[in-house]
Amino acid sequence: MKIIRTYDDPYYPEKSRFLGNCYNLIMEDRTYHFEFIIKKNSALVLTDNLDYIENVIQIFHNDNAYISSFYTKDSTFYKSYDEKIIFKLPISILQVSNFFLQKEKLNQLEQYLDENEIYLPVCIIDEEYVLLDGHHRLYLAAKNLNKMVYVYMDDVKPSTHDFVYIAKEQNIRFIKDLKIISTKDYQEIMKEFELLTSYD
C-alpha cells in the first residue's frame, strides 16, 4: 500500500489539486481517491473507498496538523485530533527554512488560495520563529500586503536546522529573500540538497 499526494490526477477538481488536498492510495493494481475539503480546522473527506480512510487521514494530518476534525461525505463525524493553538504572527519576523519558490506553483495557488484560510506550521529555533512549510502561501500573503498570518506550533523536522543554517549563510532570512525559479530547477536543486542532508 502506498499513499501519495497528487497535484496532477485529473480525477480531482483543479482547485483541490492545486491546493495540495488530494491523495491517492495505491494498492496492487487499484487506485483509491481521497479529496479533503478544508474549512478552518476541519475537513470533509470525499473518497471512493472508506476501508482505508484512517490511513490516509493520518498522512494528511501529518501534512496539516492544524486540522483537528474529519467528516465523511454525509457529514458524519469520523475522527478527531487534539486541537492546535492557532495564533497570529507578523510575516516580517518569520525566518524561512527554504531557499526558492516555484513559479508555476505560485501561479496555480494564486488562482484559488483564500488568504483567510492560510495556516502555517512554525517552530522556535534559537529564539526565532521558523516557518516549517507553506512558503508559497506566505509569499502570496505578503505579496497581497498582509502584515500578519495565522500560525501553529509543529514538530521540527530533522533537516530544518540544516535548512535554516544554510539559508542564513546565504542571507536568506525572510520570505522576500526567496528567489522564484522554475519547477524543474527547483526539483533538481532540492534533490541535491536532500542528498547532502540525508540522515542514516
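Below, the structure is looked at part by part. Values in this document were obtained by computation on a predicted structure and should not be read as measured data.

So, how was this worked out
Residues numbered from 1 in each chain as written. Predicted model: local features only at pLDDT ≥ 70, side-chain atom pairs only at ≥ 80, totals over all residues. Heavy atoms only, no water. Phe/Tyr/Trp six-rings, centres within 6.5 Å; stacked < 30°, edge-to-face > 60°. Helix = DSSP H or I, 4+ residues; strand = E, 2+ residues; numbered from the N terminus. Buried < 20%, exposed > 50% of the residue type's maximum accessible area, 1.4 Å probe, protein only. Lys NZ or Arg CZ within 6 Å of the ring centre and 35° of its normal. Pairing = 2+ DSSP bridges. Axes fitted to C-alpha atoms, helices over the stretch in contact; angles between N-to-C directions. Left-handed = near helix turned anticlockwise from the far one by under 90°. Contact = heavy atoms within 4.5 Å. Nonpolar A, V, L, I, M, F, W, Y, C, P; charged D, E, K, R; others polar. Salt bridge = Lys/Arg side-chain N within 4 Å of Asp/Glu carboxyl O.

Before going further, it helps to spend a moment on the packing of aromatic side chains. Between two aromatic rings, the relevant description is the distance of the centres plus the angle of the planes. Throughout the structure, instances matching the rule amount to 15 aromatic pairs. Each ring, one from Tyr23 and one from Phe36, has its centre 5.8 Å from the other, and the planes form 80 degrees; the classification is edge-to-face. With a gap of 13 residues between them, Tyr23 in strand 2 (residues 22–27) and Phe36 in strand 3 (residues 30–39) connect regions that are remote in the sequence. Phe36 sits in the buried class, given a relative accessible area of 1%. One aromatic cluster in this structure is built from Tyr23, Phe36, Phe60, Phe70 and Tyr81. Over the ring of Tyr81 we find Lys79; its NZ or CZ atom is 5.3 Å from the centre of that ring. Against the face of Tyr150 rests Lys88, its NZ or CZ located 4.9 Å from the ring centre.

Looking now at the sheet that holds strand 11 (residues 148–153). An order of 7-11-9-10 is seen for the 4 strands of this open sheet, with the pairing classed as mixed. The sheet is open, and its two borders are formed by strand 7 (86–90) and strand 10 (128–131), each paired with just one other strand. Put simply, the sheet's adjacent strands are angled 55 degrees from each other on average, direction ignored. Relative to strand 11, strand 9 (residues 119–125) runs parallel, the two sharing 4 bridges. Across the sheet, residue Leu120 finds its bridge partner in strand 11, namely Val151.

A word on the packing of helix 3 (residues 103–112) against helix 4 (residues 135–143). Packing of helix 3 against helix 4 brings their axes to within 10 Å, and their N-to-C directions diverge by 65 degrees. For the crossing formed where helix 3 meets helix 4, the hand is right-handed. Of helix 4, the residues touching helix 3 (which contributes Lys105, Leu106, Leu109 and Glu110) are His136, Arg137, Tyr139, Leu140 and Lys143. Per-class residue counts for the contact of helix 3 with helix 4 are 4 nonpolar, 1 polar and 4 charged.

So, about the pattern of salt bridges. Within this structure, the stated rule accounts for 7 salt bridges. A salt bridge links Glu128 to Arg173, with the shortest nitrogen-to-oxygen separation between them at 2.5 Å. Taken together, the residues span a long stretch of sequence, with Glu128 in strand 10 and Arg173 in the loop between helix 5 (160–169) and strand 12 (179–181) at a distance of 45 residues. Residues joined in a network through salt bridges with shared partners are Glu128, Lys168 and Arg173.

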